[in-house]
Amino acid sequence: MKKILVTGGLGFIGSHTVVELQNEGFDVVVIDDLSNAEAGVVDGIAAITGKKPEFEKIDLRDKAAVQQFFKKYPDVSGVIHFAASKAVGESVENPLLYYENNIGSLVYLLQELNKKPEAQFIFSSSCTVYGQAEKMPISEDTPVQPAMSPYGNTKQVGEEIIQDVAKATSINAILLRYFNPVGAHESANIGELPLGVPQNLVPFITQTAIGMREQLSVFGDDYNTPDGTCIRDYIHVVDLAKAHVTALQRLINKANAEKVEVFNLGTGKGSSVLEVIHAFEKATGQKLNYKIVPKRPGDVTEAYADTTKANNVLGWKAELSLEDALASAWKWEQKVRGKE
Ligand code: UD1
């Protein structure tokens, strides 16, 4: 069976993708620098699939270490590249870290893949590239907007680098633009483990419900939306993980129509912050303490996906509901805090 490298494979989306790859019979080797993940995640993965993925602790900014890795694993035929820094605020404060970590490592990986007769590359991108789109839902033809942060810029520049490299080499690639990944594996063996105070909505909700945080702040209720709070497309991380396997198989089977294809990955359904809160309360029976506070700078009013291309061309569709995602995130939070 083919051997696939998953960079950032112990992180939130990466670990769920490793599970789905193993479920489909792929051999997986993970690279992670453990900057935002714990080594024990390999055991969580093994508890689900019955197989520990191979794991190498490597910082992808270390070019020599990346070269060494590919010498040690010459049979790696494809890469799913998640490893990156992803905090918007931190990227504004420390842009050089973001450019080195997110761009430098991408270049080193592509240099090694370029030594192979053919290779598949799946890139973890974000709907952040669309900024505040003029029209909803957001299709892949929606114009990309200038990035609002160095983090967002690393995703745009990363996509451009891959486009240029694919034109000149035998590398084929798929760029996956995620909407808002949430939830956890239903077994609660793996899930999201944010470092410090969570910046994202759902981990903040589950940490508030379990008593780690006093109160959830809802950032603004005077947006131009039905209830005044921002609208996002929350996609279950297990559905998202499966999309990566489908995309990889598409490249392996040479079913791709272009050397680089782009797909939006979402459910197609927008939910407001208040709707998420109420869905959480309904799915878990927990009452959530929240208050409305001023807007967070940089938030767009709404973003949800047009899923037509992912459904019809990639042949993938989100199956799980927001309630499923929130219930699984809650189960995971309880397990992590030892309250189950
Ligand atoms: C954020 C990033 C995005 C990145 C993604 C990665 C920003 C502006 N955007 O997306 O670039 O790709 O994370 O995970 O940081 N909210 C609250 N209270 C909270 C937290 C969030 O009301 O404590 C609201 C936000 O205003 C937003 C929604 O919940 O409307 C979702 O927020 P979040 O989970 O941070 O995701 P994005 O901002 O969509």
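Note that the structure is a prediction, hence the values are computed from the model and not measured.

**Observations concerning the site of the ligand**
Turning to step 1, where the next piece is worked out: Looking at the ligand, there are 18 residues lining it, with L201, S217, R232, R296 and D299 nearest.
Turning to step 2, where the next piece is worked out: For the ligand, an oxygen atom lies 3.4 Å from a polar atom in the backbone of Q199.
Turning to step 3, where the next piece is worked out: D299 is positioned such that a nitrogen or oxygen atom in its side chain is 2.6 Å from an oxygen atom of the ligand.
Turning to step 4, where the next piece is worked out: For the ligand, whose accessible area on its own is 750 Å², the fraction buried by protein is 86%.
Turning to step 5, where the next piece is worked out: It is strand β8 (residues 216-219) that contributes the most residues to the shell around the ligand, 4 residues altogether.
Turning to step 6, where the next piece is worked out: Each residue belonging to the shell around the ligand can be placed in one class, and the counts come to 9 nonpolar, 6 polar and 3 charged.
Turning to step 7, where the next piece is worked out: Formed jointly, the shell around the ligand draws a minimum of three residues from each of two domains, domain 1 (3-182 + 234-265) and domain 2 (201-232 + 268-336).

**A short note on the pairing of β8**
Turning to step 1, where the next piece is worked out: Burial along β8 is one-sided: the face carrying L216 and V218 is buried and the face carrying S217 and F219 is not.
Turning to step 2, where the next piece is worked out: Relative to strand β13 (residues 290-293), β8 is paired through 4 bridges, and the arrangement is parallel. Opposite L216, over in β13, you have Y290 as the bridge partner.

**Some points on the packing of aromatic side chains**
Turning to step 1, where the next piece is worked out: In total, this model carries 3 aromatic pairs according to the counting rule given.
Turning to step 2, where the next piece is worked out: Measuring from centroid to centroid gives 5.3 Å for F69 and F70, while their planes differ by 80 degrees, and the two rings are edge-to-face.
Turning to step 3, where the next piece is worked out: Exposure remark for F69: the relative accessible area of 3% places this residue in the buried category.
Turning to step 4, where the next piece is worked out: A relative accessible area of 8% places F70 in the buried class.
Turning to step 5, where the next piece is worked out: Relative to W330, the ring of F280 has its centre 5.8 Å away and its plane inclined at 85 degrees; by these criteria the two rings are edge-to-face. Placement of the pair is F280 in helix α9 (residues 273-284) and W330 in helix α11 (residues 322-336), with a sequence separation of 50 residues. Each member of the pair, F280 together with W330, is buried.
Turning to step 6, where the next piece is worked out: Stacked on the ring of Y223, the Lys or Arg K295 has its end atom at 4.5 Å from the ring centre.

**Describing the domain arrangement of the protein chain**
Turning to step 1, where the next piece is worked out: Under the domain assignment used here, the protein chain contains domain 1 (3-182 + 234-265) and domain 2 (201-232 + 268-336).
Turning to step 2, where the next piece is worked out: Computed over C-alpha atoms, the centres of domain 1 and domain 2 are 24 Å apart.
Turning to step 3, where the next piece is worked out: Listed by partner, the interface residues are 25 residues for domain 1 and 29 residues for domain 2.
Turning to step 4, where the next piece is worked out: Across the domain 1 to domain 2 interface the summed buried area is about 2,400 Å²; carbon plus sulfur atoms make up 68%.
Turning to step 5, where the next piece is worked out: A per-residue breakdown of the area domain 1 buries against domain 2 is headed by Y234, H236 and D239, which together make up 28% of the total.
Turning to step 6, where the next piece is worked out: At the boundary of domain 1 and domain 2, one finds 0 salt bridges.
Turning to step 7, where the next piece is worked out: Linking domain 1 with domain 2 are 9 residue pairs in polar contact (both at pLDDT 80 or more), by the criterion used here.

**With respect to the sheet that holds strand β11 (residues 260-265)**
Turning to step 1, where the next piece is worked out: If you walk across this open sheet you meet the 7 strands as β3-β2-β1-β4-β5-β6-β11, and the pairing is parallel. Each having just a single partner strand, β3 (54-57) and β11 make up the two edges of the open sheet. Mean inter-strand twist for the sheet, computed between neighbouring axes without regard to direction, equals 20 degrees.
Turning to step 2, where the next piece is worked out: Pairing geometry for strand β6 (residues 171-178) and β11, over 6 bridges, is parallel. Looking at the pairing, I174 lines up with E261 of β11.
Turning to step 3, where the next piece is worked out: Those strands touched by helix α3 (residues 63-72) are β1 (3-7), β2 (27-32), β3 and β4 (76-81), and its axis lies near 140 degrees from that of β4.

So, how was this worked out
Residues numbered from 1 in each chain as written. Predicted model: local features only at pLDDT ≥ 70, side-chain atom pairs only at ≥ 80, totals over all residues. Heavy atoms only, no water. Near = heavy atom within 4 Å. Polar contact = N/O pair within 3.5 Å; in protein donor to acceptor, adjacent residues only side chain to side chain. Areas by Shrake-Rupley, 256 points an atom, 1.4 Å probe, with all protein chains shown as cover. Helix = DSSP H or I, 4+ residues; strand = E, 2+ residues; numbered from the N terminus. Nonpolar A, V, L, I, M, F, W, Y, C, P; charged D, E, K, R; others polar. Domains from an automatic or database assignment. Buried < 20%, exposed > 50% of the residue type's maximum accessible area, 1.4 Å probe, protein only. Pairing = 2+ DSSP bridges. Phe/Tyr/Trp six-rings, centres within 6.5 Å; stacked < 30°, edge-to-face > 60°. Lys NZ or Arg CZ within 6 Å of the ring centre and 35° of its normal. Contact = heavy atoms within 4.5 Å. Buried area = accessible area lost by both parts, 1.4 Å probe. Salt bridge = Lys/Arg side-chain N within 4 Å of Asp/Glu carboxyl O. Axes fitted to C-alpha atoms, helices over the stretch in contact; angles between N-to-C directions.

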